[in-house]
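Letter by letter, the chains look like this.
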Amino acid sequence: MKILIINGPNLNILGKRDKTTYGEKTLSEIDLLLKKQGEKLNVEIVSFQSNSEGTLVDFIQQQSSSADGIVINPGALTHYGFSLRDALADCGLPIIEVHLSNIYAREEWRAKSVIAPVAKGQISGLGWRGYIIALQTLVAELKGESI
Ligand code: DQA
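Bear in mind that the values here come from a model prediction, so they are computed numbers and not experimental data.

What counts, and where the lines are drawn
Think of each chain on its own: its residues are numbered from 1, step by step along the sequence as written. Only residues with pLDDT of at least 70 get local features here, since the model is predicted, and only at 80 or more are side-chain atom pairs given and counted; chain-wide, interface and lining totals rely on the full set of residues. Excluded from the side-chain calculations are hydrogens and water; all other atoms, namely the structure's heavy atoms, are used. Definitions used for this entry: grid spacing 1 Å over protein atoms alone; cavity, a set of points where a 1.4 Å probe fits but cannot get out; pocket, an open set with protein on both sides within 12 Å along at least 5 of 7 lines; lining residue, one with an atom within 4 Å of a point. Grid points are joined across faces, edges and corners, and a volume is the space filled by probe spheres set on the points. Only Asp, Glu, Lys and Arg are considered charged, only Ala, Val, Leu, Ile, Met, Phe, Trp, Tyr, Cys and Pro nonpolar, and every remaining residue, Gly among them, polar. The classification of residues rests on relative accessible area computed with a 1.4 Å probe and restricted to protein chains. Under 20% of the type maximum is buried, over 50% is exposed, and intermediate values are partly exposed. Runs of E in the DSSP output that reach at least two residues are strands. Runs of H or I that reach at least four are helices, and both are numbered from the N terminus. Working note: the arc is built from the helix axis to C-beta atom directions. Two residues qualify as a contact provided that any one of their heavy atoms is within 4.5 Å of a heavy atom in the partner residue. In this text, near means that some heavy atom of the residue lies within 4 Å of the molecule or strand in question. Any pair of nitrogen or oxygen atoms within 3.5 Å is treated as a polar contact; in protein, a donor-acceptor pairing is required on top of that, and neighbouring residues in sequence qualify only through side-chain atoms on both sides. Under the convention used here, a 1.4 Å probe and the Shrake-Rupley method define accessible areas, while residue burial counts only the protein chains that appear. Cavities and pockets are treated as containing a molecule whenever more than half of the molecule's atoms lie within 2 Å of their grid points. For two strands to be treated as a pair, DSSP must find no fewer than two bridges joining them. Axis definition: a line fitted to C-alpha atoms, limited for helices to the stretch in contact. Angles are taken between N-to-C directions and run from 0 to 180 degrees. Salt bridge, as used here: a side-chain nitrogen of Lys or Arg that lies within 4 Å of a carboxyl oxygen of Asp or Glu. An angle counts as roughly parallel when it lies under 35 degrees, as roughly antiparallel when it exceeds 145, as roughly perpendicular when it falls between 65 and 115, and as oblique in every other case. Note: crossing handedness is left-handed where the near helix turns anticlockwise from the far helix by less than a right angle, and right-handed where it turns clockwise.

## Remarks on empty space enclosed by the protein
Phase 1 of the analysis: Scanning all chains against the criterion turns up one cavity of 30 Å³ or more.
Phase 2 of the analysis: In terms of lining, the largest cavity is formed by 15 residues, of which the most central are Y22, N73, G75, H99 and R106.
Phase 3 of the analysis: Grouping the constituent residues of the lining of the largest cavity by class yields six nonpolar, six polar and three charged.

Structure below.
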């Protein structure tokens, strides 16, 4: 089983960026924790980050036929990234949307996600642990484990 972990704009500077909102861990540290969790769950983890929407769309188009599910933090594209949303919808894979911060407790414009309608579910505000919970849940569902 292969799971794609996708991060959008500005998530490459986690660890430096507004730590009180996004936490102290770098994206490499989060990716390492996800790899370790992947080993425990016996699934392959492929992590990818880009600051550009087109590059994210290209990655999804290229990788989705060989993958089983996606965990994605779309960054600010969450709120207006329609081509990213379409690529996710078209790939046909189960998707879990993750946000480090609680997007419903911040500026009003952040409370709208154009990705949420094409995702199975969303985790918002649980920091880096949200990625781990998303991975565990996605894999459990793909393996047909009961709730
Ligand atoms: C974010 C929330 C977005 O509103 C913001 O633009 C980000 C990060 C989060 O993880 O909390 O870049 O997706």
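## Re helix α4 (residues 82-91)
Phase 1 of the analysis: Looking only at α4, the buried set comprises L84, A87, L88 and C91. Down the axis of α4, the smallest arc covering the buried residues is 95°, so these residues share one side. Opposite the buried face of α4, at more than 90 degrees from it, the exposed residues are F82 and D90.
Phase 2 of the analysis: Those residues of α4 that are buried are in contact with α3 (53-63), β3 (69-73) and β4 (95-99).

## A short note on the site of the ligand
Phase 1 of the analysis: Around the ligand, the surrounding shell consists of R17, Y22, N73, G75, A76, H79, H99, L100, S101, I103 and R110.
Phase 2 of the analysis: Take N73: an N or O atom from its side chain is 2.8 Å from an oxygen atom of the ligand.
Phase 3 of the analysis: Separating an oxygen atom of the ligand from a side-chain N or O atom of S101 is a distance of 2.6 Å.
Phase 4 of the analysis: If the ligand stood free it would expose 320 Å²; the protein chains cover 99% of that surface.
Phase 5 of the analysis: For the ligand, the cavity whose grid points lie within 2 Å of the majority of its atoms is the largest cavity.

## Things to note about α3
Phase 1 of the analysis: Taken residue by residue, α3 has E53, L56, V57, F59 and I60 as its buried positions. Viewed along the axis of α3, the buried residues span an arc of 160°, placing them on a single side of the element. Opposite the packed face of α3, turned more than 90 degrees from it, sit the exposed residues Q61 and Q62.
Phase 2 of the analysis: For α3, the elements touching its buried residues are β1 (2-7), β2 (44-49) and α4.

## Here we look at the sheet that holds β3
Phase 1 of the analysis: The strand order across the open sheet built from five strands is β2-β1-β3-β4-β5, with neighbouring strands paired in parallel fashion. The two strands at the open ends of the sheet, each matched to only one other strand, are β2 and β5 (121-124). Across this sheet, the average inter-strand angle for adjacent strands is 20°, counted without regard to direction.
Phase 2 of the analysis: When β4 meets β5, the two strands line up parallel, connected through four bridges. Each bridged residue has a counterpart across the sheet, and for H99 the counterpart in β5 is S124.
Phase 3 of the analysis: Relative to the sheet, helix α2 (residues 27-41) contacts β1 and β2, its axis offset from that of β2 by approximately 165°.

## A closer look at the pattern of salt bridges
Phase 1 of the analysis: Counted according to the given criterion, the structure contains three salt bridges.
Phase 2 of the analysis: The salt bridge involving R106 is made with E107; its shortest N-O contact spans 3.9 Å.
Phase 3 of the analysis: Taking the relative accessible area as the measure of exposure, R106 reaches 26% and is therefore partly exposed.
Phase 4 of the analysis: Two residues, K120 and E141, come together in a salt bridge whose shortest N-O distance is 2.9 Å.

## Let's talk about the packing of α2 against helix α5 (residues 129-142)
For any two helices packed against each other, one specifies the inter-axial angle together with the distance between the axes.
Phase 1 of the analysis: Remark: α2 packs on α5, axes separated minimally by 10 Å, with the N-to-C direction vectors making an angle of 25°. In terms of their interaxial angle, α2 and α5 are classed as roughly parallel. Seen from above, α2 lies across α5 with right-handed handedness. Every residue of α5 that contacts α2 at I30, L33, L34, Q37, G38 and L41 is listed here: Y131, I132, L135, Q136 and V139.
Phase 2 of the analysis: In terms of residue class, the contact of α2 with α5 is made up of eight nonpolar, three polar and no charged.

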